[in-house]
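Each chain, letter by letter, is given below.
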Amino acid sequence: MGYSDQKLSEEKVFKDPVHRYVHVRDKVIWDLIGTKEFQRLRRIKQLGTTFLTFHGAEHSRFNHSLGVYEIVRRIVDDVFRDREDWNKELRLLTLCAALLHDLGHGPFSHSFEKVFDFDHEAFTQQIILGDTEVNKVLRRVDPSFPKEVAEIIGKTSEHKLVISLISSQIDADRMDYLQRDAYYTGVSYGHFDMERILRVMRPREDFVVIKKSGMHAVEDYIMSRYQMYWQIYFHPVTRSAEVILTKILHRAKDLYHQSYKFKHEPVHFHSSFNNKMSLGDFLKLDEAIILFYFQMWQEEDDPILSDLCNRFVNRNLFKYVEFDPAKEYKKTAELADLFLQAGIDPDYYLVVDSSSDLPYDFYRPGEEEERLPIYLLMESGEIRELSRESEIVDAISGKRRTDHKLYFPLDLLKDHSANRAVKERICALLEI
Amino acid sequence: MLKDHAKLLQVFLSAGEIIGRKKLQKMIYIAKKLSFPFQERFQFHFYGPYSEELTLRVEELCNMGFLQEEMEQKGGYHQYRYALTPAGREFLAVNKVDMPCLDECFIDMNGQSARFLELVSTVLYFNSLSKEEVAEKVFTLKSKQNYTLEELDEAYQYIEKLKTKTQTKAP
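Each chain has its residues counted from 1, following the order in which its sequence is written. Labels follow written order: the first chain is A, the first ligand is 1, and so on. For a predicted model such as this one, the threshold for reporting local features is a pLDDT of at least 70, and the threshold for listing and counting side-chain atom pairs is 80 or more; totals across whole chains, interfaces and linings nevertheless cover every residue. Calculated side-chain values reflect all of the structure's heavy atoms, with hydrogen atoms and water omitted.

Trainee: Mind showing me how you'd approach the overall build of chain A here?
Mentor: Across its full length, chain A carries 23 helices and 9 strands. Values of the radius of gyration come from C-alpha atoms, whereas the globule rule sets the reference at 2.2 Å times the count of residues to the power 0.38. Taking 2.2 N^0.38 as the reference for a compact globule, 432 residues should give roughly 22 Å; the C-alpha atoms of chain A span a radius of gyration of 24 Å, in line with that estimate. For chain A, the spread of C-alpha atoms along the principal axes amounts to about 75 × 50 × 35 Å. By residue count, 61% of the 432 residues in chain A fall in the buried class. Here the analysis covers contacts within chain A between residues at least 6 apart in sequence; of these, 70% occur between residues at least 24 apart. We treat Lys and Arg as the positive residues and Asp and Glu as the negative residues; His and chain ends play no part in the count. All charge positions are set by atom: Lys at NZ, Arg at CZ, Asp at CG, Glu at CD. Side chains of chain A give 60 positive and 72 negative charges; the mean places of these two sets differ by 2 Å. Helix numbering and strand numbering both begin at the N terminus, where a helix is a DSSP run of H or I of at least 4 residues and a strand a DSSP run of E of at least 2. Three exposure classes are used, based on accessible area relative to the maximum for each residue type with a 1.4 Å probe and protein chains only: buried under 20%, partly exposed in between, and exposed over 50%. Contact between two residues is taken to exist if any of their heavy atoms lie within 4.5 Å; hydrogens are not considered.

Trainee: Just to check I follow, could you spell out the packing of helix α10 (residues 172-185) of chain A against helix α12 (residues 215-233) of chain A for this structure?
Mentor: A pair of packed helices can be characterised by two numbers: the angle between their axes and the separation between those axes. All names here are of chain A. As a packed pair, α10 and α12 sit with axes 11 Å apart at the nearest point and diverge in direction by 50 degrees. Judged by the inter-axis angle, α10 sits oblique to α12. Regarding α10 and α12, the two cross each other, and that crossing is left-handed. Residue-level contacts link R174, M175, Y177, L178, D181, A182 and T185 of α10 to Y221, S224, R225, M228, I232 and Y233 of α12. Helix axes use the C-alpha atoms of the stretch in contact, all axes being lines fitted to C-alpha atoms, and the angles between their N-to-C directions lie in the range 0 to 180 degrees. Put simply, angles under 35 degrees are roughly parallel, angles over 145 are roughly antiparallel, angles from 65 to 115 are roughly perpendicular, and the rest are oblique. The sense of a crossing depends on the near helix, which, turned anticlockwise from the far helix by less than a right angle, makes the crossing left-handed and, turned clockwise, makes it right-handed.

Trainee: Would you take a moment to explain a positive patch on the surface for this structure?
Mentor: Residues and elements named next belong to chain A. What makes a patch is a set of residues exposed beyond 30% relative accessible area and free of salt bridges, joined within 9 Å when like-charged and within 5 Å when nonpolar (Val, Leu, Ile, Met, Phe, Trp, Tyr). Per-residue accessibility takes into account occlusion by the displayed protein chains alone, with areas from the Shrake-Rupley method and a 1.4 Å probe. Only one rule defines a salt bridge in this text: a Lys or Arg side-chain nitrogen within 4 Å of an Asp or Glu carboxyl oxygen. Side chains of R83, R196, R199 and K211 sit close together on the surface and give a patch of like positive charge. Inspection of the secondary structure assignment puts K211 in strand β4 (residues 208-211). We classify K211 as partly exposed; its relative accessible area is 33%.

Trainee: Please explain the domain arrangement of chain A as it appears in this structure.
Mentor: Interface size is commonly expressed as the accessible area that is lost once the parts come together. Residues and elements named next belong to chain A. Domain start and stop positions are those given by an automatic or database domain assignment. With domains assigned, chain A is organised as domain 1 (10-233) and domain 2 (236-356 + 403-430). Placing a centre on the C-alpha atoms of domain 1 and another on those of domain 2 gives a separation of 33 Å. Across the boundary between the two partners, domain 1 contributes 28 residues, which contact 28 residues of domain 2. Counting the surface domain 1 buries against domain 2, the share from its top three residues, L52, V115 and F116, is 24%. Remark: the boundary between domain 1 and domain 2 carries 2 salt bridges. Between D286 and R43 there is a salt bridge, and its shortest N-O distance comes to 2.7 Å. Under the rule applied, a polar contact is a pair of N or O atoms within 3.5 Å (in protein, one hydrogen donor and one hydrogen acceptor; residues adjacent in sequence only if both atoms are side-chain atoms). Across the domain 1-domain 2 interface, the total number found is 11 residue pairs in polar contact (both at pLDDT 80 or more). Once two parts are brought into contact, the accessible area they lose, counted with a 1.4 Å probe and summed over both, makes up the buried area.

Trainee: When you look at the interface of chain B and chain A in this model, what are you seeing that I'm missing?
Mentor: Chain B puts 39 residues into the contact, and the matching count from chain A is 44 residues. The junction of chain B with chain A conceals about 4000 Å² of combined surface from both sides, 53% of it contributed by carbon and sulfur atoms. For the pair chain B and chain A, the number of links is 5 salt bridges. One salt bridge in this structure joins K330 of chain A and E90 of chain B, with 3.2 Å as the shortest N-O distance. One can count 13 residue pairs in polar contact (both at pLDDT 80 or more) joining chain B with chain A. Where the side of chain B that touches chain A is concerned, the elements lending two or more residues are α2 (21-33), β2 (43-45), α3 (52-64), β5 (77-84), α4 (86-94), α6 (114-125) and α7 (131-141) of chain B. If you tally residues by element for the side of chain B that touches chain A, the top one is α3 of chain B, at 9 residues.

Trainee: Quick question: what am I supposed to make of the side chain of T402 of chain A here?
Mentor: Mapped onto the fold, T402 of chain A is located in the loop between α21 (391-396) and β9 (404-408). A residue is classified by how much of its surface remains accessible, and T402 of chain A, at 18% relative accessible area, is buried. Leaving out residues up to four positions away in the same chain, T402 of chain A has contacts with W230 and S355 of chain A together with E59, E60 and N63 of chain B.

Trainee: Can you help me understand α6 of chain B in this one?
Mentor: Think of an α-helix as 3.6 residues a turn; residues three or four steps apart then line up on the same face. Residues and elements named next belong to chain B. In this model α6 runs 16 Å from its N-terminal to its C-terminal C-alpha over 12 residues, within 8% of the 16 Å that 1.5 Å per residue would give. Of all the 12 residues making up α6, 9 are buried; the element is thus mostly covered by neighbouring parts of the structure. By the burial criterion, the buried members of α6 are F116, L117, E118, L119, V120, S121, T122, V123 and L124. Every helix has an expected span of 1.5 Å times one less than the residues it contains.

Trainee: When you look at the sheet that holds strand β5 (residues 319-322) of chain A in this model, what are you seeing that I'm missing?
Mentor: Consider a sheet: its strands pair through backbone hydrogen bonds, and that pairing is either parallel or antiparallel. All names here are of chain A. Taken in spatial order, the 3 strands of this open sheet run β5-β9-β6, and their pairing is antiparallel. On the outer flanks of this sheet lie β5 and β6 (351-354), each paired with one strand and no other. Averaged over all neighbouring strand pairs, the angle between strand axes comes to 30 degrees, with direction disregarded. When DSSP finds two or more bridges between a pair of strands, those strands are recorded as paired. When β5 meets β9, the two strands line up antiparallel, connected through 4 bridges. Looking at the pairing, V321 lines up with L406 of β9.

Rendered as structure tokens:
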């Protein structure tokens, strides 16, 4: 029996609060979970800075990756097994891609990617294809297997049906994170009947379709996505923490390039600051390392870096007001000028945050071939796009709600020990 | 502040009306690959490089009243047309964008079909591969588009033409 077919002598199970149990029988999957690159995901939080708003949100990308694997395992072993359009030989490839799909995520990856201009998907590819423990496990299956897995995750494989299980508008990734994020944040919005959705999924040549009888379960899933976006992912307090985190990284990078002498030299950041992040350096980064620096940088002489770190570590976040760019964009220039007069650097302390800065996506009907939509399989055998059949989905995938907020440090503006008149003018402009 | 929104508006000031969401997506992706400083991140999707951030930003610009979106029925599907509004022009007058060579590149791209730009963007997405490997990817992943080898050659020539445009006026 080849390595790809080897089973564990006894099934291993991980107790999981969302799926009850995650089942592992394949030796390859068990070996991948044991690699250091996969174990590293335990040290990366799934929701980044959300724990500062919802204190339960401490779950990791390790939890989520196992959850995605488990959903896909149920689909290929239970729902798709023996179905005409499903190629059983793709089973292991599908499971490996599901397990490893988030492997390249770094600590607070959204902010990191913005500031240092790198892409977690590229690191996922490098980890799978490079000199790593994950690569060694995959190569034992077949020398070409790492490339096949990487192409599924990169969405450039010819096996489009497999891609759509892991990354489409109704995929295992979203079905896991919506339920998991709802569970750990403690909110009641993210719940939907996943078992029902899995039961009505049918494989087609290039994508999955949903039997029309399961439409209401899918509506519930789409509503969950919508509500979770506005209630959790785009929560204004979480966004405030994200704004500060981004500004810390910007400040540290700027100081490094100004040859500032750090009391606590940021050795783990050097390659990021120089835009030359190697795979080895990347794998050393995790949230414990980043938070260590933030802790130490509170003692730096640079007042901006120390203040921003203090705010993040001790949760003294920026306050915000609603901002309408169409009517108020001229006001930002005036505010920036007043901030300078007040001795507060607007580059770090006055920030517009827009909904497009956080692209957790809504359902899109895929007009003009932007994205593959969700297709319903009608009783006649015809397939129809979801929003054409569902009034609920049509309503929330029509005109889009967008949002902008203006963030600022209220405590500094209310400190009238210096520049009182200017600060009062700022507060008047902000209507606070 | 709102610099990324201003950069997108500048595209419409340069190119005029852009017809089709797919075309807009591919134009921005190609420009980004030619080193124009657009910040929107793209991933490979079913129909090629696609950016959710770009889609959201365009929706924001429409909601702000800086871009006008018009939907038209085209047989069995909808098509969207985008144009800068007077309010958008006013915003750009206050938030100036300096991107040399933007006009020439975008006017040229806007004259191409969405289908061809999809091919060009796919070629650019796989630019680390050899031409033979790119051809294999295009014919496998885009089999329903029925691209020919001649079109693939045209795409490579077009990329070189755009690169020349960006270099001639580079500071």
